[in-house]
Structure formats: structure tokens, C-alpha cells
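Here are the chains, one letter per residue:
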Amino acid sequence: MLVVIKKNYEQMSKEAARVISEIMREKPTTTLGLATGSTPLGVYRELIRMHREEGLDFSKVTTFNLDEYLGLPPSHTRSYHYFMYENFFNHINVNERFVHIPSGMVDVNDLHRIHKYCDWYEDRIREAGGIDLQLLGIGVNGHIGFNEPGSSLGALTRIKTLTENTRAANSRFFENDIHKVPRYAITMGIGTIMNARIVLLIASGKEKARAIKMTVEGPITAQVPASMVQMHRKAILIVDEEAGSNLDVHYDRMVTDLN
């Protein structure tokens, strides 16, 4: 596992974008796993800049998003479908045929249909040749995607019930009203994430420091889903100084190889 500590959010975002762009330039048909939330926004802004100013080409790139709220149509301003187009896809030359975002309109009461849909999403990933790089954020409780504490470490794409802590944390995107935050989501499982050839986890801010400490230095446990990246053959963690402030080991402030 490679740990990269950058001074601030801007430097963290630029370093993560650099890693992604290098892979894309080596392999124009790269398959990217993408994340939502506030943390990746700086990465997407930098990739957009690279596209506009440096000619970074997304025309042959395939994308798969981690998750989506159940019950929100693509046009809903708080859906992850809307988020991705508003903050990224509308600003690059990605081919819409190669964009995959889980549907939030699968009936939450029809478990058979949900299971079939999740299997279909996994099949699309396999047909694309697997994910070359999976971008991840991390929750304050160590969740990745919507894999909450206690999630199976080998699970694939499935429906998850969101914890009250996660709904409360995400309520800032829903007018600070937890009652407007959906209770269920479709998410790639940790098994799906671990199948990616590279996992790139990013974190910023003091509120993520405990989660990063548990992810990097704690035991591998389902209670901290992100800790599973310790087992990944090529995991890269890029964090700012605040997010890395609780780490016990004196990591170099540029690049540290833990293995």
C-alpha cells in the first residue's frame, strides 16, 4: 500500500488526478470506477482542466460509478447521476455509451428485481474487462461506497440500508433535512472494489483523520470497511495533512511505501 500525504486539499486533488491521467495516457481504453461526494470534486476539476488545456482524452474511457440512492430519478438534483454530469461528464469528451451509473429507480420493494439488476451491473463490469482504477472517498466511519460498518468484505454490487450516521452526514446535500435523505442505495460491494486493478482512496480534512488511521494502521475488520484496502495488491492512499494527522508512523510528506 502506498501512502501519499499532501499539504492541502488542492495538492491532494492534483496528485490524484495526475495518477488517473497517467493511467489513461498509457491505456486510452481505461475503465475507471468513479465516486461522488465533496472529496472527489477537486479531482474532477483538475481532470477537466487537463482535458481542456492538455488534451486529456476521455473518448475511449469506460466509467462505472460506485453507487446511487434508491428512489431518486436521474434528473433529481441530489442523485449521483445528476452529480456526475453536472460536475464531470458534461465538461469532458466522454462517450455516453461508455458511462454506467447504477439506477436509482429499481423498486426497493422488489428484491428479486434488485438482485437481477445488481447481477446485471456486475456483468457489465466484467464485459468491460474489469475496472482498471477505482477512485474512492471515505466516510467518517470508514465506509467506502455505501458499504457501511459490518458489511461483508467479499460482497458484490447490492442494495444497502444506510445508517443514521451516514444519512445525517449526507443531509447537508438535502437541505440539512435527514428525512429527505433516502434510506437505501445500490452500491458496489467491497469484493467488487477489491477486484479493481488499482484502488485510489482520497481523503481530506480533520474529520477524516480517525477513519484514515483505522484504515492504514488498524486491523482489517468489517467494522472499518476501508481497512480492506490493506489487502489490495495495488492500493494508493492520497490524503492531506489534516486527514493524515492521526497516523502514528512518521510518514514522509511526499510518498511512503508501506510494504
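Residues numbered from 1 in each chain as written. Predicted model: local features only at pLDDT ≥ 70, side-chain atom pairs only at ≥ 80, totals over all residues. Heavy atoms only, no water.

Enquirer: So what about the pairing of strand S6 (residues 133-136)? Which residues, and what values?
Expert: Here S6 shows a buried face lined by Leu133 and Leu135 and a second buried face lined by Gln134 and Leu136. Judged from the 4 bridges that link them, S6 and strand S9 (residues 198-203) form a sheet pairing that is parallel. Bridging across to S9, Leu133 finds its partner in Ile198. (Buried < 20%, exposed > 50% of the residue type's maximum accessible area, 1.4 Å probe, protein only. Helix = DSSP H or I, 4+ residues; strand = E, 2+ residues; numbered from the N terminus. Pairing = 2+ DSSP bridges.)

Enquirer: Describe the packing of helix H2 (residues 41-54) against helix H3 (residues 80-87), listing the residues and the values that go with them.
Expert: Viewed as axis vectors pointing N to C, H2 and H3 meet at an angle of 40°, and their least axial separation amounts to 10 Å. Overall, the two elements H2 and H3 adopt an arrangement that is oblique. Contacts from Leu41, Tyr44 and Ile48 of H2 reach H3 at Phe83, Met84 and Asn87. Along the lines of polarity and charge, the residues of the contact of H2 with H3 split into 5 nonpolar, 1 polar and no charged. (Axes fitted to C-alpha atoms, helices over the stretch in contact; angles between N-to-C directions. Parallel < 35°, antiparallel > 145°, perpendicular 65-115°, else oblique. Contact = heavy atoms within 4.5 Å. Nonpolar A, V, L, I, M, F, W, Y, C, P; charged D, E, K, R; others polar.)

Enquirer: Provide a residue-level description of the environment of Asp248, including the pertinent values.
Expert: Inspection of the secondary structure puts Asp248 in the loop between strand S10 (235-240) and strand S11 (256-257). Residues Asp248 and Glu217, spaced 31 residues apart in sequence, show a C-alpha to C-alpha distance of 8.0 Å. Beyond its immediate stretch of four places on either side in the chain, Asp248 contacts Lys213 and Glu217.

Enquirer: So what's going on with the packing of aromatic side chains? Residues and values would help.
Expert: For any pair of aromatic rings, geometry is given as the distance between the ring centres together with the angle between the planes. Counted according to the given criterion, the structure contains 10 aromatic pairs. Their ring planes at 50° and their centres at 5.5 Å tell us that Tyr69 and Phe146 sit as a pair that is tilted. Of this pair, Tyr69 sits in strand S4 (residues 67-69) while Phe146 sits in the loop between S6 and strand S7 (158-161), and the two are 77 residues apart along the sequence. Of the two residues, Tyr69 and Phe146, both sit in the buried class. A connected cluster of aromatic rings, assembled from ring pairs, spans Tyr44, Phe58, Tyr85, Phe88 and Phe89. (Phe/Tyr/Trp six-rings, centres within 6.5 Å; stacked < 30°, edge-to-face > 60°.)

Enquirer: If you had to explain the environment of Asn95 to someone new, which residues and values would you point to?
Expert: If you trace the backbone, Asn95 turns up in the loop between H3 and strand S5 (99-100). For Asn95, a relative accessible area of 25% puts it in the partly exposed group. Note: C-alpha distance between Asn95 and Ser59 (36 residues apart in sequence) is 5.5 Å. If we skip the residues at most four places from it in the chain, Asn95 touches Phe58 and Ser59. Only 2.9 Å separates the side chain of Asn95 from the backbone nitrogen of Arg97, close enough to count as a polar contact. (Polar contact = N/O pair within 3.5 Å; in protein donor to acceptor, adjacent residues only side chain to side chain.)

Enquirer: Could you give an account of the pattern of salt bridges, with specific residues and numbers?
Expert: This model, assessed by the stated rule, comprises 16 salt bridges. Among the ionic pairs, Arg126 bridges to Asp123, the shortest N-O distance being 2.3 Å. Taken together, the positions of Arg126 and Asp123, both in helix H4 (residues 111-127) and 3 residues apart, correspond to about one turn of that helix. Looking at Asp123, the relative accessible area reads 30%, which means it is partly exposed. Between Arg197 and Asp132 there is a salt bridge, and its shortest N-O distance comes to 2.8 Å. Placement of the pair is Arg197 in the loop between helix H6 (190-194) and S9 and Asp132 in the loop between H4 and S6, with a sequence separation of 65 residues. (Salt bridge = Lys/Arg side-chain N within 4 Å of Asp/Glu carboxyl O.)

Enquirer: Give me the lowdown on the side chain of Thr36, citing residues and values where you can.
Expert: Within the element layout of this structure, Thr36 appears in the loop between strand S2 (31-34) and H2. Ignoring anything within four residues of it in the chain, the contact list for Thr36 reads Asn65, Asp67, Tyr80, Phe83 and Met84.

Enquirer: Please give an account of the pairing of strand S3 (residues 62-65) that cites residues and values.
Expert: On a regular strand, each side chain points to the face opposite its neighbour's, so the side chains alternate between the two faces of the sheet. Burial along S3 is two-sided: Thr62 and Phe64 facing one way and Thr63 and Asn65 facing the other are all buried. Note: S2 against S3, 4 bridges, orientation parallel. Residue pairing across strands places Leu32 opposite Thr63, the latter belonging to S3. Regarding topology, H2 serves as the crossover connection from S2 to the parallel S3, and that connection is right-handed. As paired elements, S3 and S5 share 2 bridges and run parallel to each other. (Right-handed = clockwise from strand over helix to strand, strands pointing away.)

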